[in-house]
Amino acid sequence: MFLESLTALQFRMVHSRNLVYNTCWEDPRLDRVALQLGENDTIAMITSAGCNALDYALDNPKRIDAIDMNPRQNALLQLKQAAIRTLDYSTFFQLFGEGRLLNWRDIYEGNLRDMLPAESQQFWDRRGHSFFTGKVRRSFYFRGSSGIFAWFVNHYMDRVLRIREALANMLSAKTVEEQCEIYQREQLRSRLFKPYVRWLVRRNSVLSMLGVPKAQRLQLERGHEGGVAEYIMDCIEAVFARLPLHDNYFWRVYMTGSYTKDCCPEYLKRKNFERLKAGLVDRIHTHTTTVTDFLNNHTEPVSRFVLLDHMDWMSVGHRQKWLAEEWQAIADRSAPDTRLIWRSAGLTADFIDSIEIERNQTRNRVGDWLEYDTDLATALHPKDRVHTYGSFYIAKTTNS
């Protein structure tokens, strides 16, 4: 019991005091197919780093509400919105494409600060200069909890393994076959995951930096015979040896500290930046609260939900009560024919369907209210460029 409490405290300390995610770790290319967004849709989603909210905005939905309990995650999205509204494309790409802006202070104080709410101002007043002009970790993408972890991994690859050339060759490879040949020739699976590395990635302290709480780790271990270490090894092998890397901006940014204009999120491409600046960015609204509290205080129906993997966190213990409350709020606020997507570290998220909710003055199971598009999810999931989730879910509400 003491160790469980210590693990939970450790995770809360990492998440409550830090920017955890400096970039989204879900593939919006799949999401947009799954969501089938239209101009009348309203989206409720978890903010994370805000990249995907900007990506969905390009499909011209009516409104996007980005919700996060961590105010620093919303501060990042708010900074991106302010930068889109006020900066030219070249400066914007330096800031969020290259992750480095040497004249940060002048740009921030002259263009961005007055566009931010007070809490966001306080965060960027303290952290912005070091995040975007630091001398040791020379990229914003090596900042925040996940960024620090990426920086350590890069240091390990460069100074200990000395495999930078092999990684660069894989990133520039023209075909998956070429990537796989380099991966096998350099024996990267065994070199990357030496015994002490396998031990490290099983530590709660390390997983906390990546935003993985104990409950989610248990979901993963239950569905993967080799445990966390083997799961991570298999994921990385799939990314480098079985999926194209030429447009995999998720892994590129953590391997190099920056995007390129040919390999970056959609919001960082010039034509999309201009569309967002022309008004689409103003359709995104941030809320620092829980999904449940947002929905309970929201008056309009929501037609699309993007729930990421956060339900894994509430799959055990007393948090299951919070999960039931969230699904009740989703049911209360859903529009007809609402579509929902989420991910799980586990191969199955079987803890969801049995949750009971009240609809039309009767009790129903969530699984009886949802109609899963398993064929589409099965087709899309293997194409996920991130490739760190065990399962992907696409569901539509029924009228019964």
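Quick caveat: nothing in here was measured; it's all calculated off a predicted structure. (Residues numbered from 1 in each chain as written. Predicted model: local features only at pLDDT ≥ 70, side-chain atom pairs only at ≥ 80, totals over all residues. Heavy atoms only, no water.)

**Student:** Is there a simple way to explain a nonpolar patch on the surface in this structure?
**Tutor:** Taken together, Val160, Tyr196, Trp199 and Leu200 make up a surface patch of nonpolar side chains, about 400 Å² in accessible area. Counting residues per element, the nonpolar patch draws most heavily on helix α12 (residues 195–200), at 3 residues. Examined against the element boundaries, valine 160 turns out to sit in helix α8 (residues 144–161). In this structure valine 160 comes out as partly exposed when scored by relative accessible area, which is 49%. (Patch = residues over 30% accessible without salt bridge, like charges linked within 9 Å, V, L, I, M, F, W, Y side chains within 5 Å. Areas by Shrake-Rupley, 256 points an atom, 1.4 Å probe, with all protein chains shown as cover. Salt bridge = Lys/Arg side-chain N within 4 Å of Asp/Glu carboxyl O. Helix = DSSP H or I, 4+ residues; strand = E, 2+ residues; numbered from the N terminus. Buried < 20%, exposed > 50% of the residue type's maximum accessible area, 1.4 Å probe, protein only.)

**Student:** What is the right way to look at empty space enclosed by the protein in this model?
**Tutor:** Following the criterion strictly, the structure yields 1 cavity of 30 Å³ or more and no others. In this structure, the largest cavity encloses a volume near 40 Å³. Considering the residues around the largest cavity, the lining is formed by Thr23, Cys24, Pro28, Cys51, Asn52, Asp55, Tyr249, Phe250, Pro265 and Glu266. Elements represented by at least two residues in the lining of the largest cavity include exactly α3 (51–57) and α16 (249–256). Top contributing element to the lining of the largest cavity by residue count: α3, with 3 residues. Taken together, the residues of the lining of the largest cavity sort by class into 6 nonpolar, 2 polar and 2 charged. (1 Å grid on protein atoms, 1.4 Å probe; cavity = no way out; pocket = protein on both sides within 12 Å on 5 of 7 lines; lining within 4 Å. Points joined across faces, edges and corners; volume = space filled by probe spheres on them. Nonpolar A, V, L, I, M, F, W, Y, C, P; charged D, E, K, R; others polar.)

**Student:** I keep staring at the side chain of threonine 91 and nothing clicks. Help me out?
**Tutor:** Residue position: threonine 91 is located in helix α5 (residues 89–96). Leaving out residues up to four positions away in the same chain, threonine 91 has contacts with Leu101 and Ile107. (Contact = heavy atoms within 4.5 Å.)

**Student:** Help me out: how do you make sense of the side chain of asparagine 154 in this one?
**Tutor:** Position of asparagine 154 relative to the elements: it lies in helix α8. In terms of polar contacts, asparagine 154 uses its side chain to reach the side chain of arginine 164, at 2.5 Å. Setting aside anything within four residues of it in sequence, one finds asparagine 154 in contact with Phe142, Arg164, Tyr254, Met255 and Thr256. (Polar contact = N/O pair within 3.5 Å; in protein donor to acceptor, adjacent residues only side chain to side chain.)

**Student:** How should the packing of aromatic side chains be read in this particular structure?
**Tutor:** Here the structure, examined in full by the defined rule, presents 29 aromatic pairs. When the ring of tryptophan 124 is compared with that of phenylalanine 131, the centres are 6.1 Å apart and the planes differ by 80°; the resulting orientation is edge-to-face. Note on accessibility: tryptophan 124 and phenylalanine 131 belong to one class, buried. Over the aromatic face of phenylalanine 96 sits the side chain of lysine 80, whose NZ or CZ is 5.6 Å from the ring centroid. A cation sits over an aromatic face here: lysine 261 above phenylalanine 93, 5.3 Å from the ring centre. (Phe/Tyr/Trp six-rings, centres within 6.5 Å; stacked < 30°, edge-to-face > 60°. Lys NZ or Arg CZ within 6 Å of the ring centre and 35° of its normal.)

**Student:** Quick question: what am I supposed to make of the pattern of salt bridges here?
**Tutor:** Side chains carrying opposite charge are able to pair once their charged atoms draw close together. Across all of its chains, the model carries 23 salt bridges by this definition. The closest approach of N and O atoms between aspartate 31 and arginine 343, which form a salt bridge, is 2.8 Å. Here aspartate 31, found in helix α2 (residues 28–35), pairs with arginine 343, found in strand β5 (residues 334–344); they are 312 residues apart in sequence, far enough to count as distant. By the burial criterion, aspartate 31 is buried, and arginine 343 matches it. Across the pair glutamate 186 and arginine 191 runs a salt bridge whose closest N-O atoms are separated by 3.3 Å. When salt bridges that share partners are traced, they join Arg189, Glu230, Asp234, Glu237 and Arg242 into one network.

**Student:** Could you clarify how one ought to interpret the state of the cysteines in this entry?
**Tutor:** Disulfide: a covalent bond connecting the sulfur atoms of a pair of cysteines. Under the counting rule described, the total for this entry stands at 0 disulfides. Cysteine 264 carries a free sulfur, and the closest cysteine sulfur to it, the one in cysteine 263, is 7.3 Å from it. (Disulfide = S-S within 2.5 Å.)

**Student:** What exactly am I supposed to notice about helix α15 (residues 227–241) here?
**Tutor:** Residues separated by three or four positions in an α-helix point in the same direction, a consequence of the helix having 3.6 residues per turn. The first and last C-alpha atoms of α15 sit 21 Å apart over 15 residues, in line with the 21 Å expected at 1.5 Å per residue. Across the 15 residues of α15, 12 count as buried, placing the element largely inside the fold. Buried within α15 we find Gly227, Val228, Ala229, Tyr231, Met233, Cys235, Ile236, Glu237, Ala238, Val239, Phe240 and Ala241. (Expected span 1.5 Å × (residues − 1).)

**Student:** I would appreciate a short explanation of the packing of helix α6 (residues 104–112) against helix α7 (residues 118–133) in the present structure.
**Tutor:** Two quantities define a packed helix pair, namely the angle between the axes and the distance from one axis to the other. Look at α6 against α7: their axes get within 9 Å of each other, and the N-to-C directions meet at 155°. In terms of their interaxial angle, α6 and α7 are classed as roughly antiparallel. Handedness of the crossing formed by α6 with α7: right-handed. Contacts from Trp104, Arg105 and Tyr108 of α6 reach α7 at Gln121, Trp124, Asp125, Gly128, His129, Phe132 and Thr133. Taken together, the residues that form the contact of α6 with α7 break down as 4 nonpolar, 4 polar and 2 charged. (Axes fitted to C-alpha atoms, helices over the stretch in contact; angles between N-to-C directions. Parallel < 35°, antiparallel > 145°, perpendicular 65-115°, else oblique. Left-handed = near helix turned anticlockwise from the far one by under 90°.)

**Student:** Could you clarify how one ought to interpret the environment of alanine 278 in this entry?
**Tutor:** Tracing the backbone through its elements, the reader meets alanine 278 in the loop between α17 (270–277) and β3 (284–288). As a C-alpha pair, alanine 278 and arginine 85 span 193 residues in sequence and 8.4 Å in three-dimensional space.

**Student:** Any chance you could explain the sheet that holds β5 here in plain terms?
**Tutor:** With mixed pairing, the 7 strands of this open sheet are ordered in space as β3-β2-β1-β4-β5-β9-β8. Here the strands that pair on one side only, and so sit at the sheet edges, are β3 and β8 (370–372). In this sheet, adjacent strand axes meet at a mean angle of 20° when their direction is disregarded. Taken strand by strand, α2 contacts β4 (302–306), β5 and β9 (391–397), and its axis lies near 150° from that of β5. (Pairing = 2+ DSSP bridges.)

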